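# Descriptive structure summary
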Amino acid sequence: MTDKFDVLVIGAGAAGLYTALCLPEHLHVGLINKNILPVSASDWAQGGIAAAIAPEDSAALHVQDTLAAGAGLCDLEAVQFLVEQAPDCIDSLVKMGVAFDRTGPDLALTLEAAHSRRRVLHSADTTGKAVISTLTAKVLSHKNIQLISPAFALSLWLDKNGRCQGISSICDSRVKWLRAEAVVLATGGGGQVFAQTTNPSVSTGDGVAIAWRAGALLRDLEFVQFHPTALSKAGAPRFLISEAVRGEGAHLVDSKGYRFAFDYHPSGELAPRDVVSRAIFSHLQKTGEPHVWLDLRPIAVDRLRYRFPNIIQVCADWGVDIFSEPVPVTPAAHYWMGGIVADKFNQTSIPGLYAVGETASTGVHGANRLASNSLLECLVFGAQMGLLQVEGEKSKAFSDDEDAGEILEKSISQQDIETIDKLRIELPSLVWQSAGICRGMRDLESAIVQVEIWRQEFASLPLSQALDNLRPGQIIDFSPDEENSSVLRNWGEVGNLLDIGYLILKSAAFRTESRGGHYRVDYPLTDRNWCSHTLVHQSNWYKSGRIED
């Protein structure tokens with residue numbers, strides 16, 4: 001039998017946790033998390049949260065900077081809403097106990113790239129962890145929120161009228177159905193589809209993929225932000241060296257100590273992220289070197305120790321002493337601007353389905369996210385779920401065509417496991433090479449063909465056949481092998497990665513211009529006729545109406 005909730009929130013990063021906390025307290029909320037402990041891109045966020053709270057700053061300036069970064073594709077009303085709600089969200093976090101850095105009694109503010117004022121609040125260089133740990137403690141203290149973990153959402157469950165009424169999910173080694181009056185997707189981004197990414201292993205585009213398969217409207221999936229400065233050391237993860245480092249005065253140099261970024265933009269290393277990423281990519285192509293260098297030595301030692309203790313520690317763990325030498329860095333996929341189309345109240349095109357945070361496309365980021373607006377988006381739009389009204393029909397019985405409580409016992413073959421593992425390794429390399437920082441039609445088209453072959457291979461696996469044909473109410477039990485739980489999750493993630501890889505490649509091929517986080521070597525200029533959103537519905541790609549400049 002299915003478990004029943006008023007609301008299911010999928011994902012336990014900043015968007016999911018804050019959404020769960022903001023939902024009306026009389027509702028029974030299920031919070032689904034892939035891991036037992038918090039592991040999310042929010043948890044890894046270093047830079048901070050942007051809010052115009054300084055006397056010399058204003059909401060109008062924050063809006064202006066956001067629109068400039070968004071390269072013509074922001075929704076003005078959504079941006080204004082984001083910016084105007086920011087101070088209240090910061091106040092809420094402070095009251096919850098988030099320990100932001102201070103200068104005397106005042107909240108400390110730093111400058112980040114493409115911001116015209118110091119407006120980024122931070123907690124040393126582990127802001128995400130400070131926010132997530134506070135929100136997690138609050139969630140665990142709320143009696144109306146039931147944490148379901150480790151669990152993995154597989155698909156949306158729609159009724160005969162196309163309304164979302166729950167999900168199918170992996171819970172331990174069982175696949176079963178969870179019913180809810182509303183489902184909120186807050187699963188973060190999809191950085192793991194790229195071989196080089198700053199995202200944690202959980203960022204596999206789950207929300208976007210399952211929403212697409214259910215028929216939700218998606219938007220602007222070609223727009224991926226590549227962070228310019230990820231640690232580049234053999235064997236090390238692509239640890240993000242925060243943009244705030246450059247805001248504090250660090251220099252981007254090549255092996256000769258030359259500050260090459262000024263050759264590409266007058267703001268040098270403080271230019272928008274996509275410009276700096278392409279500058280590094282282009283410079284490396286010219287020089288043939290494997291990476292460039294980020295020199296933090298122009299920053300005062302005391303300031304470095306105060307602001308960036310985590311960066312100092314991680315670099316030291318990988319043999320880099322930032323006080324005596326520069327840090328080797330390369331760009332890596334960092335943030336996905338596109339996602340599931342959602343309005344100011346997070347409603348998607350499917351009734352009963354909502355999307356919050358990086359999973360959503362609310363219009364606040366346009367073609368390129370302004371630094372530190374993403375944690376802010378999670379909070380501002382998560383708070384909107386406090387307005388949710390549900391009918392509370394938790395006792396709904398299964399209809400005649402649903403198999404209430406039928407349990408099927410299945411096993412997983414070694415061949416299935418090997419195919420899944422192979423696809424997980426090969427896909428990110430292909431997507432990085434063809435839809436990374438610089439894209440061209442020939443590479444995109446050949447990659448699309450390959451991914452279509454892989455998707456067919458994946459769909460024909462016996463495990464895929466069993467799970468894809470599961471009917472509402474049926475339960476599949478893969479016990480007693482305890483390893484089957486991780487195999488099932490890997491199957492789900494690989495399926496989602498194949499889908500979002502396909503969606504990103506097709507969207508990148510569809511947009512024949514360069515704008516924001518999307519750069520085409522064969523169409524290097526921005527085209528006024530392309531000042532439109534890329535819309536995706538099922539297997540159809542089309543342009544929105546032109547957005548007025």
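Residues numbered from 1 in each chain as written. Predicted model: local features only at pLDDT ≥ 70, side-chain atom pairs only at ≥ 80, totals over all residues. Heavy atoms only, no water.

### Some remarks on the packing of helix α12 (residues 414–435) against helix α15 (residues 484–510)
What counts, and what does not: The angle between two axes is taken between their N-to-C directions and runs from 0 to 180 degrees, where each axis is a line fitted to C-alpha atoms and a helix contributes only its stretch in contact. Only DSSP runs of H or I covering at least 4 residues are called helices, and only runs of E covering at least 2 are called strands; the numbering of each starts at the N terminus. For classification purposes, angles smaller than 35 degrees are called roughly parallel, those larger than 145 roughly antiparallel, those between 65 and 115 roughly perpendicular, and all remaining angles oblique. In this scheme the crossing of two helices becomes right-handed for a clockwise turn of the near helix relative to the far one and left-handed for an anticlockwise turn of less than a right angle. Residue contacts are counted whenever heavy atoms from the two residues lie within 4.5 Å of one another. Each residue is assigned to one class: nonpolar for Ala, Val, Leu, Ile, Met, Phe, Trp, Tyr, Cys and Pro, charged for Asp, Glu, Lys and Arg, and polar for all the others, Gly among them.
Between α12 and α15, the least distance of the axes is 10 Å, while the angle of their chain directions is 25 degrees. Classified by the interaxial angle, the pair formed by α12 and α15 is roughly parallel. As α12 runs across α15, the sense of the crossing is left-handed. Contacts between α12 and α15 pair I417, I420, D421, L423, R424, L427, V431, S434 and A435 from the former with V487, N490, W491, E493, V494, L497, L498, G501, I504 and L505 from the latter. Of the residues assigned to the contact of α12 with α15, the class counts are 13 nonpolar, 3 polar and 3 charged.

### Brief notes about the sheet that holds strand β21 (residues 534–537)
Stated precisely, the cut-off is as follows: Being paired, for any two strands, means DSSP has found at least two bridges between them.
Pairing is mixed in the open sheet, where 5 strands are placed in the order β18-β16-β11-β21-β22. Single-partner strands in this sheet number two, and they are β18 (360–361) and β22 (540–543). In this sheet, β22 lies alongside β21 in antiparallel orientation, the contact comprising 4 bridges. Across the sheet, T534 pairs through a bridge with K543, a residue of β22. Sheet strands touched by helix α6 (residues 206–213): β11 (218–219), β16 (339–341) and β21. Its angle to β16, the strand with the most contacts, is close to 50 degrees. The sheet strands contacting α15 are β11, β21 and β22, and the helix crosses β22 at an angle near 40 degrees.

### Looking at the side chain of T348
How we decide: Buried residues are those whose accessible area, probed at 1.4 Å on protein chains only, stays under 20% of the maximum for their type, while exposed residues exceed 50% and partly exposed ones sit between those limits. Any pair of N or O atoms that falls within 3.5 Å is considered a polar contact. Within protein, one atom must be able to donate a hydrogen and the other to accept it, and sequence-neighbouring residues count only if both atoms are side-chain atoms.
Its place among the elements puts T348 in the loop between β16 and β17 (353–355). A relative accessible area of 7% means that T348 is categorised as buried. A distance of 3.2 Å separates a polar atom in the side chain of T348 from the backbone nitrogen of I350.

### With respect to the environment of S532
Within the fold, S532 resides in the loop between α15 and β21. For S532, a relative accessible area of 2% puts it in the buried group. Taking the C-alpha atoms as reference, S532 lies 5.6 Å from I547; in sequence the two are 15 residues apart. Excluding residues that lie within four positions of it along the chain, S532 makes contacts with L73, R511, K543, S544, G545, R546 and I547. Within the local environment of S532, its side chain forms a polar contact with the backbone oxygen of S544, the two atoms lying 3.5 Å apart.

### Considerations on helix α8 (residues 273–287)
Let me state the cut-off plainly: What a helix should span is 1.5 Å times the count of its residues minus one.
Over its 15 residues, α8 runs 21 Å from end to end, which matches the ideal 21 Å to within 8%, given 1.5 Å per residue. Along α8, the positions that sit buried rather than exposed are R273, D274, V275, V276, S277, R278, A279, I280, H283 and L284. Tucked inside the fold, the buried residues of α8 contact β12 (224–231), α7 (243–247), β13 (251–253), β14 (292–295) and β15 (327–336). Looking one or two places after α8, you find G288, whose phi comes out positive at around 75 degrees.

### Section: the state of the cysteines
Note the threshold: Criterion for a disulfide: a pair of cysteine sulfur atoms at a distance within 2.5 Å.
On inspection of all chains with the given rule, the structure shows 0 disulfides. This cysteine, C171, is not joined by any disulfide, and C164 carries the nearest cysteine sulfur, 16 Å off. A relative accessible area of 13% means that C171 is categorised as buried.

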